[in-house]
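Architecture and fold: a report
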Protein chains: 2
Amino acid sequence: MPAESNVLELLARSRDLVEPQLREAVARLDDHTRLVASYHLGWCDEEGRPTSGSSGKAIRPGLVLLVAEAVCGSPGPGVPGGVAVELVHNFSLIHDDLMDRDTQRRHRRTVWAIWGDATAVLVGDALACLADEVLAECDAPPARRAGRALAVATRELIRGQVLDVAFERRDDVGLAECLDMAGGKTGALLGASAQLGAILGGADETTSDAFQTYGWELGLAFQLVDDLLGVWGAPERTGKPVFSDLRAHKKTLPVVWSLEYGGAVGRELADWFADPATPTEDSLRQAAVLIERAGGREWALAEADERVRKAGKALDAAGVAPANRDQLDQLAQFVAERQL
Amino acid sequence: MPAESNVLELLARSRDLVEPQLREAVARLDDHTRLVASYHLGWCDEEGRPTSGSSGKAIRPGLVLLVAEAVCGSPGPGVPGGVAVELVHNFSLIHDDLMDRDTQRRHRRTVWAIWGDATAVLVGDALACLADEVLAECDAPPARRAGRALAVATRELIRGQVLDVAFERRDDVGLAECLDMAGGKTGALLGASAQLGAILGGADETTSDAFQTYGWELGLAFQLVDDLLGVWGAPERTGKPVFSDLRAHKKTLPVVWSLEYGGAVGRELADWFADPATPTEDSLRQAAVLIERAGGREWALAEADERVRKAGKALDAAGVAPANRDQLDQLAQFVAERQL
């Protein structure tokens, strides 16, 4: 797939531009915090020995830099924004893993699972703080607007996780609430990534708002695809066991849609979720079939497409040169078709 | 004591100036996060019913506003800084209580003790995020310098807590390390408070650095006095049980000094700390006598005085009009003599 390899190349280029400043920021931390942050970012093992492993796709910094380039012809001005969004993203991952008591991320043990709760709280706090520091150091005149946009997005991100935690204790969460949560947890920071790229590239507010919409819609498409992968994804591509979300009884977007709009099949699915017993492999396969028969899979696929379409419409409003437009469209396609 | 009542009046005036914007910031949070933050700030009970109780002395915002007034003749420009430091302070209290598993603060149950770990993580995160948002919204030209100063201080604050957590597992922490930790946990944010007041008041870097030193030294005096109160403070004034720090086997600054420089009596004190049994009231009184005989009490009193003297010297360098100087000296005296 040439489009995919093209996007991966663009993301790798962005990562190369952002990583030196990201490493420089992390180097300011005390020894212990720096070790843990470096481990979490995939730069070393638990003992601090450098690893050559991948440190994730870095979609958020990629988005910042591609948009900066679309706006001002060069990705350079976006670099501090790319560093800041990557730091905020990883702050939220470390705290979320702690709250959700997830023990694995990208095939490695999570921070709290290795170093305990206090370290996970503090390393997350430190990364959030570094994000502000990096943006506050940026001398470009629009840096304060960028700082404000990132703070608002971070507040949204936290609100999304507050909803996520609250929903775990509830049985009656509807689709609108779930989409609101996904907007906070995934839309806000991808929206801010595109917005920061535009702001730091020198765009006016109307243009940077249009890019924010592009990123936001991309974020929702991303989440929908993630939820599809959590049921139907191939383990060798997702890095998670097959049916991982179903196994955890997680009510993702296609599930919630099926429960709300799936009629009789939806009610069957509700019974499946109400059963507290650990599901067998057969039972998991059965649940996946129920979601499909209820229409949840089809809805999520269509909804992800619709979000990509809306992202494209936002780009129309932003007014982007054809070559840059092509890159941004490819990124949207990549997010929506990722490993499906 | 007219000086004390004067300082309390100044602090109350600052609180009145800062509180409307603080409440406005907290009002941006989602319902649950807002309730918990409002409870923590002393504005309501667990169910959200407004309380008339005190919400603490608010020394940090008071410091911001007094310094802003000293620099530009009016406390007004300092208000966003006062809001931001109070938010950062409370973010750190909520996360520290969680990490230290403290169940009480100011005679009330702590956030994690009522609402659990996830809420404590998220509400702390949200307050830290609001602090950035408030400063990023501030239109004054020096706001970015203020944002950077606050980010650096927050990083120091986090480093202080990292050391605190690490020291709990060690038996051999020396005085220099303990002072370093106190600098991070208390000096950094009081330093930033004075620094932000100066920056937002329009001071140049040399002047704002001098004010930062004033606040930093005040912070160390504050911590030394806090440690003295943790052994010899009257419960009705400190709000904590008598001998509270000793009961918790906490190695505070006077203790660490006594262990390091107290000779034979220091070694007796070390034996006392090595005994894992829960100390009786008699044994607690005995430990307090050992610290006094070893010289730890006298050292801490002298060191607090020395820090206040250094704070005064920093004010000499900053160049402050006599009336403002008087207020800042009184604040330093108040911190050093608080309830002793």
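None of the values given here were measured: they were computed from a predicted structure.

Points about the interface of chain B and chain A
Contact with chain B, which involves 38 residues of that partner, is made by 38 residues of chain A. Both sides of the chain B and chain A interface together cover about 3100 Å² of buried area, and 66% of this is carbon and sulfur. Together, Leu122, Arg144 and Arg155 of chain B form the three largest contributors to the area buried by chain B at its contact with chain A, with a combined 22%. Linking chain B with chain A are six salt bridges, by the criterion used here. For Arg144 of chain B, the salt bridge identified is with Asp139 of chain A, shortest N-O distance 3.1 Å. Linking chain B with chain A are 12 residue pairs in polar contact (both at pLDDT 80 or more), by the criterion used here.

Quick word on the pattern of salt bridges
Residue and element names in this part refer to chain B. For the structure on display, the rule yields 60 salt bridges over all chains. Two residues, Lys251 and Asp171, come together in a salt bridge whose shortest N-O distance is 3.5 Å. Highlighted residues: Lys251 in the loop between helix H11 (244-247) and helix H12 (253-261) and Asp171 in the loop between helix H7 (143-167) and helix H8 (175-200), separated in sequence by 80 residues. We note a salt bridge from Arg247 to Glu281, for which the minimum N-O separation is 2.8 Å. With Arg247 in helix H11 and Glu281 in helix H14 (residues 281-294), this residue pair connects regions lying 34 residues apart in the sequence. By relative accessible area, which is 33% here, Arg247 ends up partly exposed.

Topic: the packing of aromatic side chains
Residue and element names in this part refer to chain B. Evaluation of the coordinates by the stated rule reveals eight aromatic pairs over all chains. With a centroid separation of 6.1 Å and 15° between ring planes, the pair formed by Trp257 and Trp299 is classed as stacked. Remark: Trp299 occurs in helix H15 (residues 296-318) and Trp257 occurs in helix H12; sequence separation between them is 42 residues. The burial state of Trp257 is the same as that of Trp299; both residues are buried. Taking the centre distance of 5.0 Å and the plane angle of 80° together, the rings of Trp272 and Phe273 count as edge-to-face.

Observations concerning the packing of helix H4 (residues 79-100) of chain A against helix H8 (residues 175-200) of chain A
Residues and elements named next belong to chain A. Where H4 contacts H8, the two axes come as close as 9 Å, and the packing angle between them is 165°. Classified by the angle their axes make, H4 and H8 are roughly antiparallel. The element H4 and its partner H8 pack so that their crossing is right-handed. Of H8, the residues touching H4 (which contributes Gly81, Val85, Val88, His89 and Asp96) are Lys185, Leu189, Ser193, Leu196 and Leu200. Across the contact of H4 with H8, the residue classes tally to five nonpolar, three polar and two charged.

Considering the nonpolar core
If you look at the biggest cluster of nonpolar residues, it comprises 107 residues, and the most contacted ones within it are Leu87 of chain A together with Leu87 of chain B. Residue contributions to this core peak at 13 residues, all from helix H6 (residues 117-137) of chain A. Apart from the residues within four sequence positions on either side, Leu87 of chain A is in contact with Leu22, Val26, Leu127, Leu130, Ala131 and Val134 of chain A.

Rules of the game
Residues numbered from 1 in each chain as written. Chains lettered and ligands numbered in written order. Predicted model: local features only at pLDDT ≥ 70, side-chain atom pairs only at ≥ 80, totals over all residues. Heavy atoms only, no water. Contact = heavy atoms within 4.5 Å. Buried area = accessible area lost by both parts, 1.4 Å probe. Salt bridge = Lys/Arg side-chain N within 4 Å of Asp/Glu carboxyl O. Polar contact = N/O pair within 3.5 Å; in protein donor to acceptor, adjacent residues only side chain to side chain. Helix = DSSP H or I, 4+ residues; strand = E, 2+ residues; numbered from the N terminus. Buried < 20%, exposed > 50% of the residue type's maximum accessible area, 1.4 Å probe, protein only. Phe/Tyr/Trp six-rings, centres within 6.5 Å; stacked < 30°, edge-to-face > 60°. Axes fitted to C-alpha atoms, helices over the stretch in contact; angles between N-to-C directions. Parallel < 35°, antiparallel > 145°, perpendicular 65-115°, else oblique. Left-handed = near helix turned anticlockwise from the far one by under 90°. Nonpolar A, V, L, I, M, F, W, Y, C, P; charged D, E, K, R; others polar. Core = buried A, V, L, I, M, F, W, Y, C linked by side-chain atoms within 4.5 Å.

So yeah, pure geometry; function would need other evidence.
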